[in-house]
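Spelled out, the chains give:
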Amino acid sequence: MTTFDPMQLANVGVRNLQPYQAGKPIEELERELGIRDIIKLASNENPLGLSSKVRAALQDTLAGLARYPDANGFYLKSKLAKKFALDTAQITLGNGSNDVLELIARTFVNAEHEVIYSQHAFVVYPLVTQAIGAKGVAVPAKDYGHDLDAMLAAITAKTRMIFIANPNNPTGTFLTTEAIAAFLAKVPENVLVVLDEAYSEYVAEAERAPSFEWVQQYPNLVVSRTFSKAYGLAGLRAGYMVSHPAIADLMNRARQPFNMNSLSLRAAEVALDDDDYLQQSVAVNEAGMQQLIEFCQQQGLAYIPSRGNFLTIEVGANASEVYQQLLHAGIIVRPVAGYELPRHLRVSIGLPEENEAFIQAMQKIIAG
């Protein structure tokens, strides 16, 4: 009798994958540690919570949940097209931007291809590359961010896709409009460039790249965005990708027909029009960022300048110990050793009192 071994049946790329390590639920940590009122500054979520307009819209949507959602996301696509001067045929909707990032790779990349991304870049890029069985090419970072010249030099005849996060997670580094434009002009047409702009709303409007306009000029460019950060919908999972219509058509052939549920579709529609909430989110983030930066400067802690809603701080060789001490003080932050940043911790921007709680906990740790 032979022993059944699923490992031998799995795709080669999947066998050596390590699952994404999400944090434990707050309630479970409180039970384990015997503490209450934990403050979570680990997942780059919007500390304001849902807007009142989204809450009301979700309540009105409940009655229809026995029916399937709109598989094509007609109303959300229409709103996105109107707001950003797009054609609805350019838009692919997803269960968060993670969904469309994986979908674009699965649609165009196979085991014969190479995928380029930066050191310290978002973990989804190497994960999906490995799962497909393609070769991942991690280009060494420059000042913790993307080295675009080195990424250009890494292109070979086998390169099919390049991932660029701007701002980058987990470092918060930012590429200027001029730098990205010069890069796009040099990338061969048969290489897709995926520009991941999950944190773009936190960037000053004058500094944001005209990425949707670039899609008209460069048909090999695709741009992904999310409602999880500045729009405050992380738990509902809503994201989208803008591309040449032919690319969107191919992605929609591979896309699951109901990959966004009715609640997330409706919430995203309403959030897109809630400018007051978005402005408040940005203002809270700017004030909180300054709060953390001033603390770092006062304590002599190095940090990576960030354009996102988080700050990655160098706390030293004992970063894992500092993380545990913060945890027992009721503060959850994000260790980033898995991103080859073993001396750093990523701290999401919270409400003023949450930021202050982190600061006070760190002051005690440093003093101790």
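Residues numbered from 1 in each chain as written. Predicted model: local features only at pLDDT ≥ 70, side-chain atom pairs only at ≥ 80, totals over all residues. Heavy atoms only, no water.

This part covers the pattern of salt bridges. Enumeration over the complete set of coordinates arrives at 11 salt bridges. A salt bridge links Lys53 to Asp274; the nearest nitrogen and oxygen atoms lie 3.9 Å apart. Residue Lys53 is found in helix H4 (residues 52-61), and its partner Asp274 is found in the loop between helix H12 (262-273) and helix H13 (275-299); the two are separated by 221 residues along the sequence. For Lys53, a relative accessible area of 45% corresponds to the partly exposed category. The exposure class of Asp274 is buried, given its relative accessible area of 5%. (Salt bridge = Lys/Arg side-chain N within 4 Å of Asp/Glu carboxyl O. Helix = DSSP H or I, 4+ residues; strand = E, 2+ residues; numbered from the N terminus. Buried < 20%, exposed > 50% of the residue type's maximum accessible area, 1.4 Å probe, protein only.)

This part is about the pairing of strand E5 (residues 159-165). With six of seven residues buried, E5 lies mostly within the body of the structure. Across three bridges, the pairing between strand E3 (residues 114-118) and E5 is parallel. Paired with Val115 across the bridge in E5 is Met161. Sheet topology note: the E5/strand E6 (residues 192-196) ladder contains five bridges and is parallel. By the bridge assignment, Met161 is partnered in E6 with Leu192. Each parallel crossover has a hand, and for E5 linked through helix H9 (residues 177-186) to E6 it is right-handed. (Pairing = 2+ DSSP bridges. Right-handed = clockwise from strand over helix to strand, strands pointing away.)

Strand order in the open sheet formed by seven strands is E2-E8-E7-E6-E5-E3-E4, and the pairing between neighbours is mixed. A single partner strand is all that each edge strand has here, and the edge strands are strand E2 (91-94) and strand E4 (135-139). In this sheet, neighbouring strand axes are inclined to one another by 20° on average, regardless of whether the strands run parallel or antiparallel. Pairing of E6 with strand E7 (residues 221-226), which is carried by four bridges, proceeds in the parallel orientation. Considered in E7, the bridge of Val194 is made with Val222. With respect to the sheet, H9 is in contact with E5, E6 and E7, its orientation differing from that of E6 by roughly 160°. (Axes fitted to C-alpha atoms, helices over the stretch in contact; angles between N-to-C directions. Contact = heavy atoms within 4.5 Å.)

This part covers the packing of aromatic side chains. For the coordinates displayed, the defined rule picks out nine aromatic pairs. Plain terms: the ring middles of Phe122 and Tyr125 are 5.7 Å apart, the flat faces sit at 90° to each other, and that makes the pair edge-to-face. The class of Tyr125 is buried, set by a relative accessible area of 0%. On the numbers, 6.1 Å between centres and 75° between planes, the contact of Phe295 with Phe358 is edge-to-face. In this pair, Phe295 sits in helix H13 while Phe358 sits in helix H15 (residues 352-367), placing the two residues 63 residues apart along the sequence. Neither Phe295 nor Phe358 differs from the other in exposure class; each is buried. Taken together, Phe122, Tyr125 and Phe163 form an aromatic cluster joined through their ring pairs. Geometry around Phe84 places Arg225 over its ring, the cationic atom sitting 5.5 Å from the centre. Across the ring face of Phe310, the terminal group of Arg346 is positioned such that the distance to the ring centre comes to 5.8 Å. (Phe/Tyr/Trp six-rings, centres within 6.5 Å; stacked < 30°, edge-to-face > 60°. Lys NZ or Arg CZ within 6 Å of the ring centre and 35° of its normal.)

So, about the environment of Arg255. Within the secondary structure layout, Arg255 lies in the loop between helix H11 (245-254) and H12. Leaving out residues up to four positions away in the same chain, Arg255 has contacts with Ala71, Asn72, Thr92, Leu93 and Leu103. Of the polar contacts made by the side chain of Arg255, one reaches the side chain of Asn252; its length is 2.7 Å. (Polar contact = N/O pair within 3.5 Å; in protein donor to acceptor, adjacent residues only side chain to side chain.)

Remember that the coordinates give geometry; whether it matters functionally is a separate question.
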